[in-house]
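An overview of the molecular structure
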Amino acid sequence: MAGLPSTARVVIIGGGVVGASSLYHLCKAGWTDCVLLEKNELTSGSTWHAAGNVPTFSSSWSLMNMQRYSTEFYRDLAEAVDYPMNYHVTGSLRLAHSKERMQEFQRAKGMGRYQGMDIDVVGLDEIKRRYPFIETHELKGALYDPSDGDIDPAQLTQALAKGARDMGAKIIRFCPVTGVRRENGEWVVATPQGDIRCEIIVNAAGYRAAEVGKMFGREVPMMVMSHQYILFEEIPELAAWTREQGKKLPLLRDVDTSYYLRQEKSGMNLGPYERNCRAHWATHNDPIPEDFSFQLFPDDLDRLEHYLADAVARVPI
Ligand SMILES: Cc1cc2nc3c(=O)[nH]c(=O)nc-3n(C[C@H](O)[C@H](O)[C@H](O)COP(=O)(O)OP(=O)(O)OC[C@H]3O[C@@H](n4cnc5c(N)ncnc54)[C@H](O)[C@@H]3O)c2cc1C
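Note that the coordinates shown come from a computational prediction; the quantities given were computed from them, not determined experimentally.

**Overview of the overall build of the protein chain**
- Secondary structure summary: the protein chain contains 8 helices and 18 strands in total.
- Computed over the C-alpha atoms, the radius of gyration of the protein chain is 22 Å, within 12% of the 20 Å expected from 2.2 N^0.38 for a compact globule of 317 residues.
- Its C-alpha atoms give the protein chain principal-axis dimensions of about 65 × 45 × 35 Å.
- Taking all 317 residues of the protein chain together, 47% fall into the buried category.
- Surface exposure of the protein chain reaches about 16,000 Å², of which carbon and sulfur atoms provide 51%.

**Some thoughts on the packing of helix α2 (residues 61-81) against helix α5 (residues 153-166)**
- Close contact between α2 and α5 brings their axes to 10 Å; oriented N to C, the two are set at 55°. In terms of their interaxial angle, α2 and α5 are classed as oblique. Two packed elements cross with a definite hand, and for α2 against α5 that hand is left-handed. On α5, the residues that touch Phe73, Tyr74, Leu77 and Val81 of α2 are Leu156, Ala159, Leu160, Lys162, Gly163 and Asp166.
- Taken together, the residues of the contact of α2 with α5 sort by class into 7 nonpolar, 1 polar and 2 charged.

**Side note on the environment of Arg94**
- Position of Arg94 among the secondary structure elements: in strand β5 (residues 92-96).
- Once the C-alpha coordinates of Arg94 and Leu143 are considered, the two residues, 49 residues apart in sequence, prove to be 5.0 Å apart.
- Apart from the residues lying within four places of it in its own chain, the contact partners of Arg94 are Phe57, Phe105, Gly141, Ala142, Leu143, Arg253 and Val255.

**Describing the site of the ligand**
- Neighbouring the ligand are 28 residues; Glu38, Ser46, Thr47, Asn53 and Val177 lie closest to it.
- Between the ligand and the protein, one listed contact pairs a nitrogen atom with a backbone N or O atom of Ala51 at 3.0 Å.
- When grouped by side-chain class, the residues that make up the shell around the ligand number 13 nonpolar, 12 polar and 3 charged.

**Thoughts on helix α8 (residues 305-314)**
- The complete set of buried residues in α8 reads Tyr307, Asp310, Ala311 and Arg314. For α8, the angular spread of the buried residues around the axis is 95°, confining them to a single face. Facing away from the buried side of α8, by more than 90 degrees, are the exposed residues Glu305 and Ala309.
- Taken together, the buried residues of α8 touch β5, β15 (251-254), β16 (259-264) and β17 (267-272).

**A closer look at the pattern of salt bridges**
- Counted under the stated rule, the structure contains 23 salt bridges.
- As a salt-bridge pair, Lys248 and Asp150 come within 3.4 Å of each other at their nearest N and O atoms. Here the residue Lys248 occupies a position in the loop between α7 (236-245) and β15, and Asp150 occupies one in strand β8 (residues 149-151), the gap between them amounting to 98 residues. Asp150 carries the same exposure label as Lys248, and that label is buried.
- Linking Lys162 and Asp166 is a salt bridge whose minimum nitrogen-to-oxygen distance equals 2.8 Å.

**Here's the deal with the domain arrangement of the protein chain**
- Here the domain parsing of the protein chain yields domain 1 (7-49 + 154-222) and domain 2 (90-148 + 225-314).
- Spacing between the C-alpha centres of domain 1 and domain 2 amounts to 32 Å.
- The interface of domain 1 with domain 2 comprises 11 residues on the first partner and 11 residues on the second.
- Notably, a salt bridge pairs Lys39 with Glu290, separated by 3.9 Å at the nearest N-O pair.
- For the pair domain 1 and domain 2, the interface holds 6 residue pairs in polar contact (both at pLDDT 80 or more).

**Examining the layout of surface pockets**
- A volume near 430 Å³ is recorded for the second largest pocket.
- Together, 18 residues line the second largest pocket, and Ala210, Lys214, Trp281, Ala282 and Ile288 are the ones closest to its centre.
- For the lining of the second largest pocket, the leading source of residues is helix α6 (residues 209-214), giving 3 residues.
- Residue contributions to the lining of the second largest pocket reach at least three from each of two domains, namely domain 1 (7-49 + 154-222) and domain 2 (90-148 + 225-314).

**Concerning the sheet that holds strand β6 (residues 120-122)**
- Across the sheet, 7 strands lie side by side as β6-β7-β5-β15-β16-β17-β14; this open sheet has mixed pairing. Edge positions in the sheet fall to β6 and β14 (230-231), since each has one partner strand and no second.
- Pairing between β15 and β16: 3 bridges, direction antiparallel. Its bridge partner lying in β16, Asp254 is registered against Tyr259.

About the thresholds
- Residues numbered from 1 in each chain as written.
- Predicted model: local features only at pLDDT ≥ 70, side-chain atom pairs only at ≥ 80, totals over all residues.
- Heavy atoms only, no water.
- Helix = DSSP H or I, 4+ residues; strand = E, 2+ residues; numbered from the N terminus.
- Rg over C-alpha atoms; globule rule 2.2 N^0.38 Å.
- Buried < 20%, exposed > 50% of the residue type's maximum accessible area, 1.4 Å probe, protein only.
- Areas by Shrake-Rupley, 256 points an atom, 1.4 Å probe, with all protein chains shown as cover.
- Axes fitted to C-alpha atoms, helices over the stretch in contact; angles between N-to-C directions.
- Parallel < 35°, antiparallel > 145°, perpendicular 65-115°, else oblique.
- Left-handed = near helix turned anticlockwise from the far one by under 90°.
- Contact = heavy atoms within 4.5 Å.
- Nonpolar A, V, L, I, M, F, W, Y, C, P; charged D, E, K, R; others polar.
- Near = heavy atom within 4 Å.
- Polar contact = N/O pair within 3.5 Å; in protein donor to acceptor, adjacent residues only side chain to side chain.
- Arc of directions from axis to C-beta.
- Salt bridge = Lys/Arg side-chain N within 4 Å of Asp/Glu carboxyl O.
- Domains from an automatic or database assignment.
- 1 Å grid on protein atoms, 1.4 Å probe; cavity = no way out; pocket = protein on both sides within 12 Å on 5 of 7 lines; lining within 4 Å.
- Points joined across faces, edges and corners; volume = space filled by probe spheres on them.
- Pairing = 2+ DSSP bridges.

Set out below in structure tokens:
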């Protein structure tokens, strides 16, 4: 393990995908005197359990542009840093249940096209052609995005970390930041391994960003929400189709019912965005635990029933 340096230009707190990506991009911009501090292992936060979907859709111009950048960046990253990773570009179908949703998709199409993406608004026949297992009841059409896909979030983080290290940055694992203070116009970052002085600090502490914000006297306006997904076992029809076609199904997103359904190997991953969602560590008598690395909240499957029933009717296999 690398020892803690006494100074750096930038200290990044948190070794999830956001911290690792910040470090990599700073190095690419020539800021190689940067140190990332991670309290546990890289990817031990939310990144550990992400489904890894890589969408481009947004109703915001700048978010869409950032996501477009990510899809292009991920395509070349494995080769650029010499770290193989699973990145599947499958395309996606974002389903519309109403005329208004179709209008929203027309706007997104215009924005996407202007940003150089080949996204399109398609009708029911084209949905069925691209996704033979779907039932199209209650649908008006869909937004098809050929650049959507999924990536292994742990491999992505490790690839970014390798690229940054190769350019000269340092990553210190098992090194929690316990406090910060200002001294002589610099930040002093305290850890059990000693202090490190720097010009700039990046708070990339993910689900713990509010806790880190407090070290600066800031209230970060965020809340920890639990999010569940269900992995299905192999589906014989899907396995046969994939063998025959040599590709995966596009990802389905039903924004009106509120879930995604993605092929995962020869099964499925169903991820609802639960309307009846649940916040954690939200009150003073339920504080965030000192350590939640690589941990999960207990299953709460009753909350998923509505989404599961809808998805099963949509894709009966
Ligand atoms: C079930 C699930 C599915 C998801 N699916 C998707 C998806 O399909 N697509 C998508 O884009 N996103 C998805 N997400 C969201 C995604 O996981 C997060 O947005 C992303 O991983 C956040 O990365 P991060 O680096 O900000 O935070 P984290 O991964 O939480 O990393 C923060 C890191 O900071 C460290 N840290 C905290 N405090 C300190 C400290 N004081 N000192 C040092 N280190 C500290 C933590 O140990 C942790 O490793 C999903 C999330 C979940 C839970």
